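These are the residues of each chain, in order.
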Amino acid sequence: MGKEAISSSSENFPDTQPKPPRLQKGKKEDAAKRLLSKGYKLYVDEVGGLIEKCGFNIPTVEIRTCNLTVETDALVGSSAVRNVLSSLYQDTVDCCVGETSQPLTILKDVNIVLKPGTATLLLGPPGAGKSALLQCLGGKMVPSNVLRVSGSVLYNGRSTKEFQVPSTVGYVHQVDNHEPVLTVRETIRFAGKCRGNKIQQLFAEELRKCLKKDPHFLDEHDEQWKQNLLHAFSAGVQDEVTIAMLGLSNCADTIVGDELTRGISGGEKKRVTTGEMITGNTHVLLLDQISTGLDSATTFSITDSLVHLTHVLKLTTVSSLLQPPPETYDLFDEVLLLGDGHVLYQGTREDVLPFFARLGFHKPFYVETADFLQQITTASGQRRFYHPDPENGDPASEGASEFIIPLSDLALSYANSDIGQQYAHDAQSAFFPTSEQDAALEFSKYSKSHKEIASAVLKRWIVLVSRDKNLFWAKITQNVILGIVIGTLFL
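Our subject in this report is the structure included herewith. Here the residue numbering is sequential within each chain, running from 1 through the sequence in written order. For this predicted model, a pLDDT threshold of at least 70 governs which residues receive local features, and a threshold of 80 or more governs which side-chain atom pairs are given and counted, while totals over whole chains, interfaces and linings are taken from all residues. Calculation of side-chain values draws on the structure's entire complement of heavy atoms; hydrogens and water are dropped beforehand.

1. Describing the environment of Gly139
Reasoning step 1: Comment: elements are numbered from the N terminus, with helices defined as DSSP H or I runs of at least four residues and strands as E runs of at least two. Here Gly139 is to be found in the loop between α5 (130-137) and β4 (147-155).
Reasoning step 2: In the structure, Gly139 is positioned 26 residues away from Val165 in sequence and 6.1 Å away in space, judged by C-alpha atoms.

In structure tokens, the structure reads:
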């Protein structure tokens with residue numbers, strides 16, 4: 001059904017006007033600079049205004065999870081940590097008795113709804129299950145004998161087995177994995193060539209159709225801006241816009257590098273990873289600790305751009321941040337708080353403090369909201385902020401090691417609240433997908449043709465070989481010597 005939706009959309013938006021001439025090398029950067037001359041947010045606003053003016057409906061994605069539970073078997077005792085001396089003995093014992101393990105619940109009955117056009121901040125202490133939840137949403141949690149996943153994850157009413165999740169979702173992992181000898185620009189352009197962006201192409205065709213019907217459609221802009229706008233939806237210019245938005249223009253021609261090769265910094269590598277995932281046909285952004293290695297100003301700038309992009313293009317964005325500064329926290333629309341695998345709160349940012357105040361947890365004026373939310377998931381934090389009677393009562397002892405309200409009881413309190421019941425009802429209600437909603441999902445494994453992908457991979461391989469000549473000649477020498485040795489066997 002998804003392929004039919006895309007093909008029917010292509011028929012509704014024929015290419016009725018000649019496309020602008022292909023930009024030469026070096027011109028794409030100039031076009032991107034002119035488009036962003038007033039700032040990235042104003043550029044996104046102008047594109048959003050044109051989308052609304054053209055009457056183009058952007059396909060959106062709503063994500064629901066119903067009773068999502070993830071369990072595993074954790075090794076304990078001597079089975080968990082081994083050394084050289086005990087390895088042989090422990091392997092013999094494991095074969096006879098079995099490994100010593102106990103069940104561990106990573107996520108417990110998670111019922112959430114992530115709506116399009118909404119930026120959600122995922123909070124929780126280490127070990128709360130944030131990365132596990134993002135992996136489940138991104139289709140990267142593969143069940144096995146020791147990893148049990150139950151419940152459902154639905155995209156517009158379809159399970160993750162009915163479409164290609166990697167082609168639909170932009171998932172930014174905590175670990176950066178890049179080719180060290182490629183530059184920042186080459187890395188992001190390769191991602192754009194492989195992922196493609198059908199929705200941008202359809203909108204560009206609709207825009208040309210509107211220009212043919214009404215030549216004065218863009219009269220409020222000069223002719224140079226019109227040409228730059230038509231070029232903006234080509235892969236090369238869009239990649240340059242992404243590079244500029246992430247603040248990577250100064251190091252765009254610097255190789256990424258690794259532990260053995262000097263390149264860009266760790267914070268810049270994290271931004272390159274983010275740029276790879278937000279490039280192309282992406283309607284869902286799952287960002288896992290994108291602030292690692294970044295200062296607060298850079299974190300705010302990137303998050304501000306991504307949240308604004310989410311609002312204008314109606315993306316579904318979930319961002320996991322460990323300690324977001326207050327100005328970054330205020331950018332998000334909703335907050336999702338996890339604790340020990342339980343959902344302790346999901347709702348609007350404005351309602352989170354009143355919700356926990358009704359449970360007896362009051363935030364002092366000198367504590368930031370994000371820090372307060374993460375601390376009440378710990379025993380010491382609960383005893384610090386628990387004031388059943390804030391006017392006359394005293395806080396409980398900070399030194400105690402027991403929870404005042406166990407996290408399971410906090411999760412139950414949220415589930416029984418009006419907010420929790422509303423989200424649980426939405427998560428479990430029926431959702432019937434339509435062809436328009438399927439247009440936001442990718443049903444084919446590859447977003448582009450095999451010829452285009454093979455060409456991009458071949459060009460990248462040539463670049464990799466040309467920049468690592470020592471390894472290339474070492475491989476050639478190895479293969480020649482190995483061939484001679486094997487050939488002598490038949491003499």
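2. Quick look at α5
Reasoning step 1: Of all 8 residues in α5, 6 are buried; the element is thus mostly enclosed.
Reasoning step 2: Exposure classes here rest on a 1.4 Å probe applied to the protein chains alone. A residue is buried below 20% of its type maximum, exposed above 50%, and partly exposed in between. Restricting attention to buried positions, one finds in α5 the residues Lys130, Ala132, Leu133, Leu134, Cys136 and Leu137.
Reasoning step 3: Positive backbone phi, at 70 degrees, marks Gly139, one or two positions downstream of α5.

3. Some points on the packing of aromatic side chains
Reasoning step 1: Side-chain rings of Phe, Tyr and Trp, where Trp is taken by its six-membered ring, are said to pair if the distance between their centres is within 6.5 Å; with planes under 30 degrees apart they count as stacked, over 60 as edge-to-face, and otherwise as tilted. Applying the stated criterion across every chain yields a total of 10 aromatic pairs.
Reasoning step 2: Consider the rings of Phe355 and Tyr414, whose centres lie 6.1 Å apart with planes at 85 degrees: the pair is edge-to-face. A residue pair is termed long-range when its members are at least 10 positions apart, and Phe355 in helix α14 (residues 352-358) and Tyr414 in helix α17 (residues 407-416) qualify at 59 residues.
Reasoning step 3: The buried category is assigned to Tyr414, whose relative accessible area is 4%.
Reasoning step 4: An angle of 70 degrees between the planes, with centres 5.2 Å apart, marks the rings of Phe372 and Phe385 as edge-to-face. Of this pair, Phe372 sits in helix α15 (residues 369-375) while Phe385 sits in helix α16 (residues 379-385), and the two are 13 residues apart along the sequence. Across this residue pair, the class does not change: Phe372 and Phe385 are buried.
Reasoning step 5: Pairwise contacts between aromatic rings join Tyr345, Phe355, Phe356 and Tyr414 into one cluster.

4. Digging into the sheet that holds strand β1 (residues 63-75)
Reasoning step 1: Pairing between strands is defined by DSSP: at least two bridges between the two strands are required. Pairing within the open sheet is antiparallel, and its 4 strands lie in the order β2-β1-β4-β5. Strands with a single pairing partner mark the edges of an open sheet, and in this sheet they are β2 (101-114) and β5 (158-159).
Reasoning step 2: Sheet analysis places β1 next to β4, joined by 8 bridges and oriented antiparallel. For Ile63, the partnering residue across the bridge sits in β4 and is Tyr155.

5. Quick notes on the sheet that holds strand β10 (residues 342-348)
Reasoning step 1: Across the sheet, 6 strands lie side by side as β6-β7-β8-β3-β9-β10; this open sheet has mixed pairing. Only two strands of the sheet have a single neighbouring strand rather than two, namely β6 (169-172) and β10. Strand-to-strand twist of the sheet, defined as the mean angle between neighbouring strand axes without regard to direction, takes the value 15 degrees.
Reasoning step 2: Judged from the 5 bridges that link them, strand β7 (residues 284-288) and strand β8 (residues 316-320) form a sheet pairing that is parallel. From the neighbouring strand, Val284 faces β8, where its bridge partner is Thr316.
Reasoning step 3: Any two residues whose heavy atoms approach within 4.5 Å are treated as being in contact. An axis is simply a line fitted to the C-alpha atoms; with a helix, the fit covers only the stretch in contact. Between two such axes, the angle follows the N-to-C directions and lies from 0 to 180 degrees. Along the sheet, helix α12 (residues 296-313) makes contact with β3 (118-123), β7 and β8, crossing β3 at roughly 135 degrees.
Reasoning step 4: This element, α17, spans β9 (334-339) and β10 of the sheet and lies at about 35 degrees to β10.

6. Concerning the pairing of β10
Moving residue by residue along a regular strand, the side chains alternate between the two faces of the sheet.
Reasoning step 1: Counting buried residues in β10 gives 6 out of 7 residues, a clear majority hidden from the surface.
Reasoning step 2: Bridge count for β9 against β10 is 6 bridges, and the pairing is antiparallel. Note that in β10 the partner of Glu334 across the bridge is Thr348.

7. Side note on the side chain of His178
Reasoning step 1: Among the secondary structure elements, His178 is positioned in the loop between β6 and α7 (184-195).
Reasoning step 2: Taking relative accessible area as the criterion, His178 reaches 15% and is therefore assigned buried.
Reasoning step 3: For the purposes of these results, a polar contact is taken to be a pair of N or O atoms within 3.5 Å, where, inside protein, one atom must be able to donate a hydrogen and its partner to accept one; residues adjacent in sequence count only when each atom of the pair is a side-chain atom. Here the side chain of His178 touches Lys269 through a polar contact of 3.5 Å, landing on its backbone oxygen.
Reasoning step 4: A polar contact is formed between the side chain of His178 and the side chain of Thr273, at a distance of 2.9 Å.
Reasoning step 5: Not counting chain neighbours up to four residues away, the residues in contact with His178 comprise Thr187, Val256, Lys269, Val272, Thr273 and Glu276.

8. As for a nonpolar patch on the surface
Reasoning step 1: Nonpolar side chains (Val, Leu, Ile, Met, Phe, Trp, Tyr) within 5 Å and like charges within 9 Å form the patches, drawn only from residues with over 30% relative accessible area and no salt bridge. Computed with a 1.4 Å probe, the accessible areas rest on the Shrake-Rupley method; for each residue, only the protein chains presented here act as cover. In the sections that follow, a salt bridge refers to a side-chain nitrogen of Lys or Arg positioned within 4 Å of a carboxyl oxygen of Asp or Glu. A surface patch of nonpolar side chains, amounting to about 480 Å² of accessible area, comprises Phe472, Trp473, Ile476, Val480 and Ile484.
Reasoning step 2: On the secondary structure map, Trp473 appears in helix α21 (residues 469-487).
Reasoning step 3: On the basis of relative accessibility, which here comes to 54%, the residue Trp473 falls in the exposed class.

9. Let's talk about the nonpolar core
Reasoning step 1: Core analysis: the biggest nonpolar cluster contains 104 residues, and Leu133, Tyr155, Phe356 and Leu373 have the highest contact counts within it.
Reasoning step 2: Here Phe356 is in contact with Leu337, Leu344, Tyr345, Phe361, Leu373 and Ile376, once residues within four sequence places are set aside. Side-chain atoms within 4.5 Å are what join buried Ala, Val, Leu, Ile, Met, Phe, Trp, Tyr and Cys residues into a set we call a nonpolar core.

10. Describing the packing of helix α3 (residues 40-54) against α12
Reasoning step 1: At a minimum axis distance of 10 Å, the contact between α3 and α12 shows a crossing angle of 5 degrees. Relative to α12, the element α3 is oriented roughly parallel. Counting all contacts with α3, which are made through Tyr40, Lys41, Val44, Asp45, Gly48 and Ile51, the residues of α12 involved are Asp304, Ser305, His308, Leu309, Val312 and Leu313.
Reasoning step 2: As a working rule, the residues Ala, Val, Leu, Ile, Met, Phe, Trp, Tyr, Cys and Pro are called nonpolar, Asp, Glu, Lys and Arg charged, and the rest polar, with Gly in that last group. Looking at side-chain class alone, the contact of α3 with α12 contains 6 nonpolar, 3 polar and 3 charged residues. Throughout, the term roughly parallel applies to angles under 35 degrees, roughly antiparallel to angles over 145, roughly perpendicular to angles from 65 to 115, and oblique to all others.

11. Examining the environment of Ile255
Reasoning step 1: Here Ile255 is to be found in the loop between α10 (235-245) and α11 (266-278).
Reasoning step 2: What makes Ile255 partly exposed here is its relative accessible area of 26%.
Reasoning step 3: Counting along the chain gives 68 residues from Ile255 to Thr187, while the straight-line C-alpha distance between them is 9.2 Å.
Reasoning step 4: Apart from residues lying up to four places away in sequence, Ile255 is in contact with Pro180, Val181, Leu182, Thr183, Thr261, Arg262, Gly263 and Ile264.

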